[in-house]
Amino acid sequence: MQDRTKLAKKPADRYFEFQAVMGLTKHMGGLKATDVLAGLCRIGEGKFILDVGCGPGRTACYLAKVYGCRVMGIDLSESMVELARDRAAKEGVADKVTFCTADAMKLPFEEATFDAVIGESVLAFIDDKPRTLSELKRVTKEDGSIGFNECAWIKMPPQQLIQYISDVLGAAFLTPDGWRDLWVAAGLKEVSARSYKVRILEQWRSELKELEINEMFGAWRRFIGLLFRSPECRRWARKTLSMPRNIFALFKYFGYGIYVGRK
Ligand SMILES: C[S@@+](CC[C@H](N)C(=O)[O-])C[C@H]1O[C@@H](n2cnc3c(N)ncnc32)[C@H](O)[C@@H]1O
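Conventions and cut-offs
- Residues numbered from 1 in each chain as written.
- Predicted model: local features only at pLDDT ≥ 70, side-chain atom pairs only at ≥ 80, totals over all residues.
- Heavy atoms only, no water.
- Helix = DSSP H or I, 4+ residues; strand = E, 2+ residues; numbered from the N terminus.
- Buried < 20%, exposed > 50% of the residue type's maximum accessible area, 1.4 Å probe, protein only.
- Areas by Shrake-Rupley, 256 points an atom, 1.4 Å probe, with all protein chains shown as cover.
- Pairing = 2+ DSSP bridges.
- Axes fitted to C-alpha atoms, helices over the stretch in contact; angles between N-to-C directions.
- 1 Å grid on protein atoms, 1.4 Å probe; cavity = no way out; pocket = protein on both sides within 12 Å on 5 of 7 lines; lining within 4 Å.
- Points joined across faces, edges and corners; volume = space filled by probe spheres on them.
- Core = buried A, V, L, I, M, F, W, Y, C linked by side-chain atoms within 4.5 Å.
- Contact = heavy atoms within 4.5 Å.
- Polar contact = N/O pair within 3.5 Å; in protein donor to acceptor, adjacent residues only side chain to side chain.
- Phe/Tyr/Trp six-rings, centres within 6.5 Å; stacked < 30°, edge-to-face > 60°.
- Lys NZ or Arg CZ within 6 Å of the ring centre and 35° of its normal.
- Parallel < 35°, antiparallel > 145°, perpendicular 65-115°, else oblique.
- Left-handed = near helix turned anticlockwise from the far one by under 90°.
- Disulfide = S-S within 2.5 Å.
- Right-handed = clockwise from strand over helix to strand, strands pointing away.
- Patch = residues over 30% accessible without salt bridge, like charges linked within 9 Å, V, L, I, M, F, W, Y side chains within 5 Å.
- Salt bridge = Lys/Arg side-chain N within 4 Å of Asp/Glu carboxyl O.
- Lys, Arg positive; Asp, Glu negative; His and termini not counted.
- Charge placed at Lys NZ, Arg CZ, Asp CG, Glu CD.

### Things to note about the overall build of the protein
- Along the protein, the regular secondary structure elements total 11 helices and seven strands.
- By its C-alpha atoms, the protein is 45 × 40 × 35 Å across when sized along the principal axes.
- A total of 263 residues make up the protein; the buried ones form 52% of that total.
- Summed over its atoms, the accessible surface of the protein is roughly 13,200 Å², and 56% of this surface lies on carbon and sulfur atoms.

This is how it looks when you write it as structure tokens:
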């Protein structure tokens, strides 16, 4: 597995590096939100889906198993792609799900390849969102869907909280209107935007339910190992722990949304 420690430059790189080592990523709302996204994007048998920023492949395998579609998962991180391939083999869906390393801004696919392009908690980490959407649109079939579940500021928080998120995660969340405007500006039709508040206990409960206990212990063991090995990651962890005083107010402002449009 490639060691991303030496490549890490931006806060998001370090965050994803932790996630790749742990083999865990997340999006708000868990698989319940994935079901809403799948419904809005008309995902079903016979469809070919692109999962952008697929992480360790949980959603891609879930969609193939539950909805009977074929899925191509792409991620910038080679380690994530390796984890995703292992998962597809373990879950017996390797004939329906394939993965490759690729950048959402420059996809290695022909025009109009996919019936739907989806992503969960990915665009917030990409600086040039309009350019990325235009690339996603290129690979979507006519009348196909582009649907994302992305974190959003339901209400704008104090600058200090925005800065903290940017410093530790490298993420720039938009407001629900900001996300919607992005979909409209990309020339997508029938744009729908649904917003949700994050209820932290519910979120933790769904994350625990979706994980196997040995998966979780293995993840934490690898996480602690990485902290020992990498001074850069220790610095990042220290920064993450030095939270602003008003951190607990975060959930007054923080939510997520499901944004869908048709090409
Ligand atoms: C927060 S994780 C979410 C992963 C997964 N979608 C989930 O819901 O668990 C974001 C993922 O997006 C990937 N990513 C970030 N920027 C990307 C880009 N430009 N192209 C492809 N993948 C990207 C990261 O490597 C990471 O695996």
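### Observations regarding the sheet that holds strand 4 (residues 114-120)
- Strand order in this open sheet of seven strands is 3-2-1-4-5-7-6, and the pairing throughout is mixed. Each of the sheet's edge strands pairs with one partner strand only, and the pair in question is strand 3 (97-101) and strand 6 (189-197). Each strand of the sheet is rotated relative to its neighbour by a mean of 15°, with strand direction disregarded.
- Pairing geometry for strand 4 and strand 5 (residues 140-153), over six bridges, is parallel. Bridging across to strand 5, Ile118 finds its partner in Gly147.

### Comments concerning the layout of surface pockets
- Reported here for the second largest pocket is a volume of approximately 440 Å³.
- Among the secondary structure elements, those contributing two or more residues to the lining of the second largest pocket are helix 2 (30-40), strand 6 and helix 8 (200-210).
- Tallying contributions element by element places helix 8 first for the lining of the second largest pocket, with six residues.

### Remarks on the nonpolar core
- In terms of nonpolar packing, the biggest core is built from 82 residues, with Leu50 and Trp183 touching the most fellow members.
- The contacts of Leu50, once residues within four sequence positions are left out, are Met72, Ile74, Leu107, Phe109, Phe114, Ala116, Val117, Ile118 and Val139.

### Structural notes on helix 2
- Taken residue by residue, helix 2 has Gly30, Leu31, Ala33, Thr34, Leu37, Ala38 and Leu40 as its buried positions.
- At the exit of helix 2 stands Arg42, carrying a positive phi of roughly 55°.

### Notes on the environment of Arg262
- Relative to the assigned elements, Arg262 resides in strand 7 (residues 254-262).
- Judged by relative accessible area, Arg262 falls into the buried class, the value being 12%.
- Separated by 111 residues in sequence, Arg262 and Cys151 place their C-alpha atoms 21 Å apart.
- Non-local contacts of Arg262, meaning those with residues more than four positions away in its chain, are made with Leu40, Arg42, Asp143, Gly144, Ser145, Leu188, Lys189 and Glu190.
- At a separation of 2.5 Å, a polar atom in the side chain of Arg262 contacts the side chain of Ser145.

### A look at the packing of aromatic side chains
- One pass over the full model with this rule turns up 12 aromatic pairs.
- Above the ring of Phe48, the side-chain terminus of Arg70 is found at 4.1 Å from the ring centroid.

### Side note on the packing of helix 6 (residues 159-169) against helix 10 (residues 231-241)
- Axis separation between helix 6 and helix 10 bottoms out at 10 Å; the angle between their running directions is 165°. The pairing of helix 6 with helix 10 is recorded here as roughly antiparallel in orientation. Crossing hand, helix 6 versus helix 10: left-handed. Judged by residue contacts, Tyr164, Asp167 and Val168 of helix 6 engage Trp236, Lys239 and Thr240 from helix 10.

### Overview of the state of the cysteines
- With the rule as written, the count across this model stands at zero disulfides.
- Of all cysteine sulfurs, the one in Cys54 lies closest to Cys61, which takes part in no disulfide; the gap is 9.1 Å.
- Residue Cys151 stays outside any disulfide, its sulfur separated by 17 Å from that of Cys41, the closest cysteine.
- Under the relative-accessibility criterion, Cys151 is labelled buried at 7%.

### Overview of the pairing of strand 5
- Within strand 5, 11 of the 14 residues are buried, which leaves it mostly tucked inside the rest of the structure.
- Each parallel crossover has a hand, and for strand 4 linked through helix 5 (residues 129-138) to strand 5 it is right-handed.
- Where strand 5 and strand 7 come together, nine bridges link them in antiparallel fashion. If you follow Gly147 over to strand 7, its bridge partner there is Val260.

### Re a positive patch on the surface
- Among the surface-exposed residues, Lys155, Lys197, Arg199 and Lys252 lie close enough to one another that they form a single positively charged patch.
- Within the element layout of this structure, Lys197 appears in strand 6.
- A relative accessible area of 46% means that Lys197 is categorised as partly exposed.

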